[in-house]
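Results of the structural survey
The primary structure of each chain is shown beneath.
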Amino acid sequence: MSEGLVQTVLIALLGGALRVSTPFMFVALGECLTEKSGRVNLGLEGTLVLGAMTAYAISFHSGSPWLGVLAAGCAGAALGAIHGFVCKLPRVNDIAFGIAMMLLGTGLAFFFGKAYIQPSAPRLDAISLGGWSSDPRIASALQVHPLLLVGILVALAMWWAFANTRWGLLVRMSGDSAQSARAMGVSVDLVRFLATAAGGFLAGIGGAFLSLYYPGSWNQGLSSGQGLMAVALVIFARWNPLRCVAAALLFGATGAIGPALQSVGITQGYYFFNAAPYILTLVIMIGSAGSQKAGRDVPGELSITK
Amino acid sequence: MQASAPGIVQGGRAIGLETVGFSKQFGALRALDDVTLKVEPGSFHALLGENGAGKSTLVKCIMGFYRADSGDLLLDGREEKIRNPREARALGLGMVYQHFTLAPALTGAENLVISRADAPAIIDWAKETKRLDAFLDRMPFRAPLHVPVSQLSAGEKQKLEILKLLYLDQRFLILDEPTSVLTPQEADEILSLLRGMTDRGEITILMITHKFREVTAFADSLTVLRRGARVGGGKVGEITTEAMARMMIGDTPIRERAARQPTPPRAPLLELAAVYAVGPEGKNVLDGVDLKVRGGEIVGLAGVSGNGQSQLVEAMSGQIAIDDGCVLIRNQRFEPTREAFHRLKIFGLPEEPLKNAAAARMSVAENMAFRNFERPPNASLGWWLRPSAIRARARDLIGRYHVKTQSPDAPIGDLSGGNVQRAILARELSSDVDVLIVANPCFGLDFASVAEIRAQIMDQRNRGAAVLLISEDLDEILELSDQVAVMSEGRVVYVAPIAQTDRATIGMHMAGHD
Ligand SMILES: Nc1ncnc2c1ncn2[C@@H]1O[C@H](COP(=O)(O)OP(=O)(O)OP(=O)(O)O)[C@@H](O)[C@H]1O
Ligand SMILES: [Mg+2]
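1. Some thoughts on the overall build of chain A
The number of helices and strands found in chain A is 15 helices and two strands. In terms of overall dimensions, chain A is globule-like: its C-alpha atoms have a radius of gyration of 19 Å, near the 19 Å expected for 306 residues. With the C-alpha coordinates aligned to their principal axes, the bounding extent of chain A is approximately 65 × 45 × 35 Å. Burial statistics for chain A: of 306 residues in total, 55% are counted as buried. Across chain A, 17 positive and 11 negative side-chain charges occur, with their mean positions spaced 6 Å apart.

Take a look at the structure:
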């Protein structure tokens, strides 16, 4: 009996990880790219919310959710571009400006999103990977959204590109030592501008997932700080895109602890378990702060470490 | 587009360069004043001058790093405008800066490939590795290419910097004090290779240096700058080193070498007892260091760079943790706190002082007050700072130690390399000193400053301070030390009184032979 319970909980955790992790993953990959180039963009929470709103609105008007996803990415890229442009001006602090961008992003989303709280827009469909199992719980847990697979592909591509392409090396070099890059005639500002815009694009897509798949509607309480926690996640993942994916899945699973326990009738401490991702964030930050390895992997130009 | 195989330098392609009337103003300071410099193609040209003379500024203007206010640049007799380092590179000009410019987290191979103007969008590492190996095979010295640059020693980094220029097929090489981080053997090896290449007409070299020995041994012509202006130059064989020295400093008297006064035997002031420290790679960077320094004595710690010397300094100053063993001062266990440094009168000069002992964006005056800003007269009640007192004291130190700065309020990062060194030494030597720990104190200093600083160190010894002198310059160790110790692989492997040892014995222990 209790074995069945454990199984249910584990399957629910797996389902939760696969479902909840996607926005974490996209924001973390975006932040990873930006930080690799030597900038911190704390505005990705705002980008996420604006992306969610844009995706929902465009999907509603055009009838095509994928067009919504693309639009969300573009909105994110626009916010990223603003951040990238302003931060290259002298004496602008990227962290402080990122916080301003976060407020701007959410503000814009709430302002333009008022009209879309009621109507229902076409959603994205999931692919079922659980067809082989006769267990309906597994089948429903393995409802995987294509964006999750896209995210994993993006992570693989980034990981490969950082080592094997000119752009990857330029991004790493700009993040590691701006002086070296400048001595080579590389425009560090341009590299960072592009990296921040591309990072914003990814974060915007993460937002599209929120409004078009899970939870799957547009309202002002849609994001619960995923955009901010993704920044912690990047540190935990030590600026490696593949570890970002793993960390996002871990965060997704912890986020599913509360609902999973509730589904088997354990309601005690529901709110406590719902706070699990935040507690995990704290524990991770404390744990990784003193780690020597993290110290070695951190891009040398980041203003949080300088 | 594929460049003709990089690194194959054909004969007769060296570039000649001429600056005509270069001037450059930094605020109120005239850093370059109508400088005319002529470097023949295929020559090995030395650029000399005291600290702050404007040598780095001149070559940075040539490279397009700074824009000269006026003046023309001729390459092979043709006038060229160079607006940024990329344009300089396209014209075949390459430079090794006074600080390293390799990206530390990238491997050597990554640094080399990405520095190419035609770096492919997608890098085929199998092919590139083969090409790099073929390139290295033609080079008389090599450097590890497949570990992150941050893990290389200073000498290896310097070799890699030069290899990078050759890999990029650059034919006019500017080297800003390239040998200051190298052992004399490494320096000779690299310079003689480069000399060979200039003799074959493959490259031209413009080298900034403070070492007359390198000028006479490797250069064939030279130019001397003083206070931003050209004061002389010519063929190397025709100018004596005395004449060069006079051109560099004018009539300023050089401080006499301080005499070693006999000091009575005293008790050890500084003692290291089996000090262990584990590095980031999990290896013991300090592997049981034992060492005693008595009052009134200079212990010179020799060793090839990267054998734990910098970690030893960091451990004593509290920058890295000591995992086992202890540091004793006057037979008491020493914890590196600010209070203890002050009470026990411990002072020091770490290597790379701009990074390790200064805050680059703070002013010279503030940097000079780091040791005592919270004490009278710099502050009242321990917290109310009095900038006027801090500035007055700085002005006094600047005068006494001949620090060349526009004002006490200039950021210390704007000073020339040698003057940062002097500013920090002024701070550390100006009060009562019991224990002095100095690492490569004369790194990158002109000969007059070297004489000055060595005399200061000797003064402290004569006054009874215990001095630990860590140096990669064996001549400095032999000149100053009472006792010589050698560090190798994180341990002190040899200690002897100066009278009972010689260069060859020390060199053997440095190389790891017993
Ligand atoms: N960016 C800058 N802003 C203001 N002053 C500067 C700047 N760079 C250099 N200077 C000043 O210009 C003068 C010449 O400096 P430079 O670095 O060219 O000297 P140097 O001959 O290379 O000396 P060293 O042998 O110590 O390296 C110094 O007085 C220095 O303080
Ligand atoms: Mg210089």
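Read on for the rest.
2. Considerations on the packing of helix H3 (residues 65-87) of chain A against helix H4 (residues 94-113) of chain A
All names here are of chain A. Between H3 and H4, whose axes approach to 10 Å, the crossing angle comes to 150 degrees. As far as their axial angle goes, H4 and H3 are roughly antiparallel. In this structure, the crossing between H3 and H4 has a hand that is right-handed. Residue-level inspection shows Leu-79, Ile-82, His-83, Val-86 and Cys-87 of H3 in contact with H4, the latter providing Asp-94, Phe-97, Gly-98, Met-101, Leu-104 and Gly-105. Of the residues assigned to the contact of H3 with H4, the class counts are seven nonpolar, three polar and one charged.

3. Focus on helix H11 (residues 241-255) of chain A
Residues and elements named next belong to chain A. With 15 residues, H11 extends 21 Å between its outermost C-alpha atoms, agreeing within 8% with the 21 Å of an ideal straight helix rising 1.5 Å per residue. Three or more residues of H11 are buried, namely Pro-241, Cys-244, Val-245, Ala-247, Ala-248, Phe-251, Gly-252, Ala-253 and Thr-254. Residue Asn-240 occupies the N-cap position of H11, its side-chain oxygen lying 2.8 Å from the main-chain nitrogen of Leu-242.

4. A short note on the pairing of strand E13 (residues 297-302) of chain B
Residue and element names in this part refer to chain B. Buried residues dominate E13, accounting for six of its six residues. Both faces of E13 are covered, namely the face carrying Glu-297, Val-299 and Leu-301 and the face carrying Ile-298, Gly-300 and Ala-302. Where E13 and strand E20 (residues 466-470) come together, five bridges link them in parallel fashion. Pairing of Ile-298 across the sheet is with Val-467, part of E20.

5. Overview of the interface of chain B and chain A
Between chain B and chain A, the contact holds 25 residues from the first and 19 residues from the second. Overall, the association of chain B and chain A removes approximately 1900 Å² of surface from exposure, summing both partners, and the carbon and sulfur fraction of that is 56%. Here chain B and chain A share one salt bridge between them. Here Glu-110 of chain B makes a salt bridge to Arg-172 of chain A, at a shortest N to O gap of 3.0 Å. Only helix H2 (85-90) and helix H3 (108-115) of chain B provide two or more residues apiece to the side of chain B that touches chain A. Counting residues per element, the side of chain B that touches chain A draws most heavily on H3 of chain B, which supplies four residues.

6. A word on the nonpolar core
In this structure, Trp-218 of chain A together with Leu-194 and Leu-222 of chain B are the most contacted members of the largest nonpolar core, which totals 132 residues. The contacts of Leu-222 of chain B, once residues within four sequence positions are left out, are His-45, Ala-46, Leu-48, Val-215, Gly-232, Gly-233, Gly-234, Val-236, Ile-239 and Met-244 of chain B. Listed in part, the 38 residues of the second largest apolar core include Ala-394, Ala-426, Ile-453 and Val-467 of chain B.

7. Overview of the sheet that holds strand E16 (residues 346-349) of chain B
Residue and element names in this part refer to chain B. Spatially, six strands are ordered E16-E19-E20-E13-E21-E22 in an open sheet, and the strand pairing comes out mixed. Both outer strands of the open sheet, E16 and strand E22 (491-497), are each paired with one neighbouring strand and no more. The mean inter-strand angle of the sheet, taken between neighbouring strand axes irrespective of direction, is 15 degrees. Against the sheet, helix H14 (residues 417-429) touches E16 and strand E19 (435-439), its axis set at about 170 degrees to E16.

8. A few points about helix H9 (residues 309-317) of chain B
In an α-helix, one full turn covers 3.6 residues, which means residues spaced three or four apart are oriented alike. Residues and elements named next belong to chain B. Every buried residue belonging to H9 is among Gln-309, Leu-312, Val-313, Ala-315 and Met-316, and all of these are buried. Buried residues along H9 cover an arc of 160 degrees about the axis, so they all sit on one side. Once H9 ends, the next one or two residues include Gly-318, with phi positive near 85 degrees.

9. A word on the pairing of E16 of chain B
Residue and element names in this part refer to chain B. Neither face of E16 is open: one carries Ile-346 and Gly-348, the other Phe-347 and Leu-349, and all of them are buried. Sheet topology note: the E16/E19 ladder contains four bridges and is parallel. Residue pairing across strands places Phe-347 opposite Leu-436, the latter belonging to E19.

10. Examining the packing of helix H5 (residues 154-167) of chain B against helix H6 (residues 184-199) of chain B
Residues and elements named next belong to chain B. Across the interface, H5 lies against H6 with an axial gap of 11 Å and an inter-helix angle of 10 degrees. When the axes of H5 and H6 are compared, the pair comes out roughly parallel. Taken together, the residues of H6 that come into contact with H5 (itself represented by Gly-155, Lys-159, Ile-162 and Leu-166) are Glu-186, Glu-189, Ile-190, Leu-194 and Met-197. Residue composition of the contact of H5 with H6, grouped by class: five nonpolar, one polar and three charged.

11. Here we look at the site of ligand 1
All names here are of chain B. Taken together, 20 residues sit near ligand 1, with Gly-52, Lys-55, Ser-56, Thr-57 and Gly-418 positioned nearest. In this structure, Asn-51 approaches ligand 1 through a side-chain N or O atom, which is 2.9 Å from an oxygen atom. Between an oxygen atom of ligand 1 and a main-chain N or O atom of Gly-418, the distance comes to 2.9 Å. The fraction of the free accessible surface of ligand 1 (640 Å²) that becomes covered by protein chains is 87%. At the level of secondary structure, the elements contributing two or more residues to the shell around ligand 1 comprise strand E2 (29-39), helix H1 (55-62) and H14. No other element matches the three residues that H1 contributes to the shell around ligand 1. A per-class count over the shell around ligand 1 returns six nonpolar, 10 polar and four charged. Of the domains in this structure, domain 1 (17-104 + 169-248) and domain 2 (268-510) are the two that each give at least three residues to the shell around ligand 1.

Conventions used here
Residues numbered from 1 in each chain as written. Chains lettered and ligands numbered in written order. Predicted model: local features only at pLDDT ≥ 70, side-chain atom pairs only at ≥ 80, totals over all residues. Heavy atoms only, no water. Helix = DSSP H or I, 4+ residues; strand = E, 2+ residues; numbered from the N terminus. Rg over C-alpha atoms; globule rule 2.2 N^0.38 Å. Buried < 20%, exposed > 50% of the residue type's maximum accessible area, 1.4 Å probe, protein only. Lys, Arg positive; Asp, Glu negative; His and termini not counted. Charge placed at Lys NZ, Arg CZ, Asp CG, Glu CD. Axes fitted to C-alpha atoms, helices over the stretch in contact; angles between N-to-C directions. Parallel < 35°, antiparallel > 145°, perpendicular 65-115°, else oblique. Left-handed = near helix turned anticlockwise from the far one by under 90°. Contact = heavy atoms within 4.5 Å. Nonpolar A, V, L, I, M, F, W, Y, C, P; charged D, E, K, R; others polar. Expected span 1.5 Å × (residues − 1). Polar contact = N/O pair within 3.5 Å; in protein donor to acceptor, adjacent residues only side chain to side chain. Pairing = 2+ DSSP bridges. Buried area = accessible area lost by both parts, 1.4 Å probe. Salt bridge = Lys/Arg side-chain N within 4 Å of Asp/Glu carboxyl O. Core = buried A, V, L, I, M, F, W, Y, C linked by side-chain atoms within 4.5 Å. Arc of directions from axis to C-beta. Near = heavy atom within 4 Å. Areas by Shrake-Rupley, 256 points an atom, 1.4 Å probe, with all protein chains shown as cover. Domains from an automatic or database assignment.

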